[in-house]
Structures are given as C-alpha cells and as structure tokens.
Amino acid sequence: METSFDPGRLATPEVIANPYPAYDALRADSPVSGYADWPPGTVPGFDPPIQAWALLSYEQVAAAAKDHQTFSSANFQQGTDAPTLMLVNHDDPEHAKLRRVVVQAFTPRRVAELRPHVQAVVKKLIDGLPDGDVDVVEKLCAPLPAQLMVRLLGQPDEMTDKFQRWANAFMLSADMSVEERTQSNMEMVGYFMQMVDARAKRLAEGGKPGDDLVDALLVAESEGARLTRDEVWRFCFTLVVAGAETTMYYAANCLRALVDNPDVFAKLREDRTLLSRFQQETLRMAGPPQRLFRKVMRDVEIGGKQIRAGEWVALFFAAANHDPKVFPEPRRLRLDRDNAGAQLSFGHGIHFCLGAPLANLETACLIEGVLDRFSAMNPGSEPAEPQRATLLQHSVTRLPVLFQRA
Ligand code: HEM
C-alpha cells in the first residue's frame, strides 16, 4: 500500500479509477486531510481546483452529514452556468419545507407502482441483447434509468436519449468542453421550463391533473405550502441528473460485482432473498458518488485539525464505507455482513437520497432479469473501462460481458 500519498493528487484519473488504496493511505495518516478537487458545477482541468478538507473516517463523515447547520449544502460556488439542484443545494428551514411538499408527490407508492413497468423495460432490453460480447453499460444500465425517468415525468419516449445526454453532461462524466456543457445545461433548463409552464397553464385553465409526477408536483401541498413553477422545473431537472446518471452507475457497479464474484452470482440464482443484501453490499463497496462538498459555517475542530468558517470539506462517503473500524475486510464483498445497511452511498441525514427506493427498485429488477435469463456472466474479451473524469461517479463507462444463457 502506498504510504507517502500526496493528498493534492487525490483527484487524478488514476486515483479516480481505483480510489480505495488512496483513501486508506490518507485515513491511516489522518482521518482529515487537505486536498484539491473540482467544485460542483465545474469541469476538471478547466477551473481552479477547490481546496477542501477530506473527511475519510466513517465517524467523521456520518457526523458531518448529520450536522447540516455547521456544514452547509447551499453555499456552492458555480464555475459555469450549471443551475443549482433542488433540495440537494438547500439548507433548512427551506430544505425541510420543500422536501415536505415534494414527498407528497414523489411517494413510495408511486415508486412501487412502477415495478411492472420497470420489469417490462428490463425484459425488452434483455430480449434485445446480441449474442457474444455485450457492453452492459450501454445496453442495460444506461437506457433503463433514462427510460424510467421519461415515464415518471410523463414525457415522450423519444426524449430518452436527450435525458441521458443531459445527465451525462451535467454530472461531468462526459468528455466535453465548458461551452458544450453550458449549452447542454441551457437546453435542458429550457425544455423543463417550457414543459412545466405548459402543464401549469393547463391546470390553471381547469384541466385535470394527469397521473405523472410533474402534475403531482404542481398540485402537491403541505401545511399550505405549494411549489412554484420555478421549483417544479428545477426539481424535474434535479431528478434527471440525480436519477439517470447515478442509477446507471449503481446498476453498472452491481453487474460488475457479479462478474467479479461468480460465486455470488450462483448464490443469488439459488436464493433471491439475498438480493437486497447484495445491493447494500455493492453500494458499500462501490457507491457511485465518492464525495460531496459542504461549506463550513463556523470554526470547528475535526480529527485534530482546525477548520475555519468559510472553508470547504468533502464528505468522502466512499472512504467511510471502506473504514475497517466499521466494516472489517472492507474490500471483500460479503453477503453475511450484518451492518452493510449502514453504508453511506445514499447520503445521511436530511439530504438522504429521495430516489433511493426507485434506484433500488430499478437495480433489483435488472439483476433479477439477468439472473432469470442467464446461468453465468463472464468477463468479455475487452477489459472494463473505469470512469476517470470525476470522483463524483465511481464506476465503469464500459463493461463488456459474455452471458451464458440458462
Ligand atoms: C440525494 C434523487 C439515485 C445518491 C438526492 C436528492 C434527490 C435525489 C432529490 C436530494 C435529497 C435532499 O437533499 O433532500 C435521486 C433519484 C434517483 C437517485 C430520483 C434515482 C432514481 C441515487 C443513487 C445514488 C444517489 C443511485 C447513489 C447510490 C445520493 C446522495 C444524496 C442524494 C449521496 C445526498 C446528497 C447530499 O447529501 O448532498 N437524490 N437520487 N442517488 N442522492 Fe439520490
């Protein structure tokens, strides 16, 4: 293991491809280290990197995520015209007010009702797989969440590719210039503003709300509070960027874990009740978002370091998930781990991922579809290609596999 790790180099393509040894080296040295990275909304390599304190131990990451008063989500500096995300970039009390209204529309029941549709999409995608080597990121993991998001928001099917490309550009994992990225964000914002305006107008003219999420958000109410049109379109685009891209990578990490662990594949085929354990354990071992930033609102001491108001911290959820104090043998995928559910890949505290039930549903249906249809899933002839552009999304951009039909 590397011991003389330079924290300034944490956000390099090599480390992004496999960051866990770097986290271990840093954490062993100190649970809190200074490092440089790119702030949200900027493109690596184009903007001055942000200087942040990296929080790497489970205890510190979980405590900081819970203490949203000290560690603010609202104070992001934006390097491009990237619009701020709904909920994610709000602090309480505004966050609580918005989330209370949003959950009236984005309910567990609405998500559960999507199951037959998710299964149908999975079946169609698997039916369409060619023989031989298949890149499952392209053929399964990418189209599934984008198609689902189109359906959830009641948009025409032909928007699927656009949703996928917008999410990809916003989340920095596309190879794009700042201008191209800004252009893509503007196109996305324009689409959602217009769509929500048209919907709101129809409802204002006495139209009956449809059964999709957009109309549900427009009429949702909690304690007399409603969402403005502005908030609704911003929430729609938040769902697209937070929902399509992360879920694609979550699904890819699950399939990759199955390729890497044929014994686990066989166990899951025998006993489907192990599926949610497998999902939790994959999220622990390889959650897509590695770290998220917060701005520090008052002077604090963490892990023996003095951190001043106005400085930045990065909550390394992924490093916390590999903290050996909490998860012994952190590199081993173990279905018998009894605390895998304590993993932090969906965040922690007031910002806990609102889409977690949907992301889990999509991924479960995909894995079940694969287990139903195939007796084994072997590595393809080409190697997997890790995502190297941003620590925001640890995953593969290509995962060639060779399926064996059952
Ligand atoms: C937060 C939506 C999938 C990780 C959020 C929030 C929303 C959201 C709206 C903000 C919650 C708040 O601030 O109150 C979705 C949707 C998804 C999805 C619709 C897919 C259907 C995922 C996946 C992951 C993930 C697959 C990773 C495995 C996170 C994390 C946060 C979060 C870490 C916390 C952000 C923070 O603390 O600043 N998600 N998400 N999400 N989501 Fe998701």
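Because the structure is predicted, anything quoted here is derived from the model rather than measured.

What follows is about the overall build of the protein. When helices and strands are counted, the protein shows 16 helices and 14 strands. Taking 406 residues into account, the globule formula puts the C-alpha radius of gyration at 22 Å, and the protein, at 21 Å, falls close to it. Each of the three principal axes of the protein carries a C-alpha extent, and together these read 65 × 60 × 40 Å. Sorting the 406 residues of the protein into buried and exposed places 56% on the buried side. Contacts in the protein between residues far apart in sequence, at least 24 positions, make up 72% of those at least 6 positions apart. On the protein, roughly 17400 Å² of surface is accessible, and the fraction owed to carbon and sulfur atoms is 51%. For the protein, the distance from the average position of its 44 positive side-chain charges to the average position of its 53 negative side-chain charges is 4 Å.

Quick look at the sheet that holds strand E11 (residues 374–379) now. The sheet built from three strands is open, its strands ordered E4-E14-E11 with antiparallel pairing. Each edge of the open sheet is held by one strand with a lone partner, namely strand E4 (134–135) and E11. Bridge analysis of E11 against strand E14 (residues 400–405) gives five bridges, and the strand direction is antiparallel. Pairing of Ala-376 across the sheet is with Gln-404, part of E14.

Our focus in this paragraph is the confidence of the model for the protein. Low pLDDT marks regions whose predicted coordinates should not be analysed in detail. Counting all residues, the mean pLDDT for the protein is 90, and 92% of those residues have values of 70 or more. With a pTM of 0.93, the predicted complex shows an ipTM of 0.95.

As a further point, take the site of the ligand. Residues in close proximity to the ligand total 27 residues, the closest being His-95, Arg-99, Arg-294, His-351 and Cys-353. Leu-87 is positioned with one of its backbone polar atoms (N or O) 3.4 Å from an oxygen atom of the ligand. Going through the elements one at a time, helix H4 (94–105), helix H12 (229–260), strand E7 (292–296) and helix H16 (356–373) are the ones with two or more residues in the shell around the ligand. The element that contributes the greatest number of residues to the shell around the ligand is H12, accounting for seven residues.

What follows concerns the packing of helix H10 (residues 178–204) against H12. The relative placement of two packed helices is expressed as an angle between their axes plus a distance between the axes. Interhelical geometry of H10 versus H12 gives an angle of 130° and a closest axis separation of 9 Å. The orientation of H10 relative to H12 falls into the category oblique. In this structure, H10 crosses over H12, and the sense of that crossing is right-handed. In this structure, H10 uses Met-188, Val-189, Phe-192, Met-193, Met-195, Val-196, Asp-197, Ala-200 and Lys-201 to contact H12, whose residues at the interface are Arg-229, Val-232, Trp-233, Cys-236, Phe-237, Val-240 and Val-241.

So, on to the pairing of E7. Of the pairings in the sheet, the one linking strand E3 (residues 71–72) to E7 comprises two bridges and is antiparallel in character. From the neighbouring strand, Phe-71 faces E7, where its bridge partner is Val-296.

Before going further, it helps to examine unusual backbone geometry. Residue Pro-93 is bonded to the preceding Asp-92 through a cis peptide linkage, with omega at 5°. Relative to the elements of secondary structure, Pro-93 occurs in the loop between E3 and H4. Positive phi, normally seen in glycine, also occurs at Glu-223, with a value near 50°. Here Glu-223 shows up in the loop between strand E5 (221–222) and strand E6 (225–226).

The sheet built from five strands is open, its strands ordered E1-E2-E10-E7-E3 with mixed pairing. Each edge of the sheet is formed by a strand with only one pairing partner; in this case those strands are strand E1 (32–37) and E3. Of the pairings in the sheet, the one linking strand E2 (residues 50–55) to strand E10 (residues 312–315) comprises four bridges and is parallel in character. The residue of E10 that forms the bridge with Ala-54 is Ala-314.

Let's shift gears to the nonpolar core. Formed by 98 residues in total, the largest nonpolar core has its most connected members in Leu-140, Leu-153, Phe-163, Phe-192 and Phe-278. For this core, the leading source of residues is H12, giving 19 residues. When neighbours within four sequence positions are excluded, Leu-153 is seen to be in contact with Phe-163, Phe-192, Arg-199, Asp-212, Leu-213, Val-214, Cys-236, Leu-239 and Val-240. Ranked by size, the runner-up nonpolar core spans 22 residues in total, among them Ala-52, Ala-54, Leu-56 and Ala-318.

Rules used in this analysis
Residues numbered from 1 in each chain as written. Predicted model: local features only at pLDDT ≥ 70, side-chain atom pairs only at ≥ 80, totals over all residues. Heavy atoms only, no water. Helix = DSSP H or I, 4+ residues; strand = E, 2+ residues; numbered from the N terminus. Rg over C-alpha atoms; globule rule 2.2 N^0.38 Å. Buried < 20%, exposed > 50% of the residue type's maximum accessible area, 1.4 Å probe, protein only. Contact = heavy atoms within 4.5 Å. Areas by Shrake-Rupley, 256 points an atom, 1.4 Å probe, with all protein chains shown as cover. Lys, Arg positive; Asp, Glu negative; His and termini not counted. Charge placed at Lys NZ, Arg CZ, Asp CG, Glu CD. Pairing = 2+ DSSP bridges. pLDDT = per-residue confidence, 0-100. Near = heavy atom within 4 Å. Polar contact = N/O pair within 3.5 Å; in protein donor to acceptor, adjacent residues only side chain to side chain. Axes fitted to C-alpha atoms, helices over the stretch in contact; angles between N-to-C directions. Parallel < 35°, antiparallel > 145°, perpendicular 65-115°, else oblique. Left-handed = near helix turned anticlockwise from the far one by under 90°. Core = buried A, V, L, I, M, F, W, Y, C linked by side-chain atoms within 4.5 Å.

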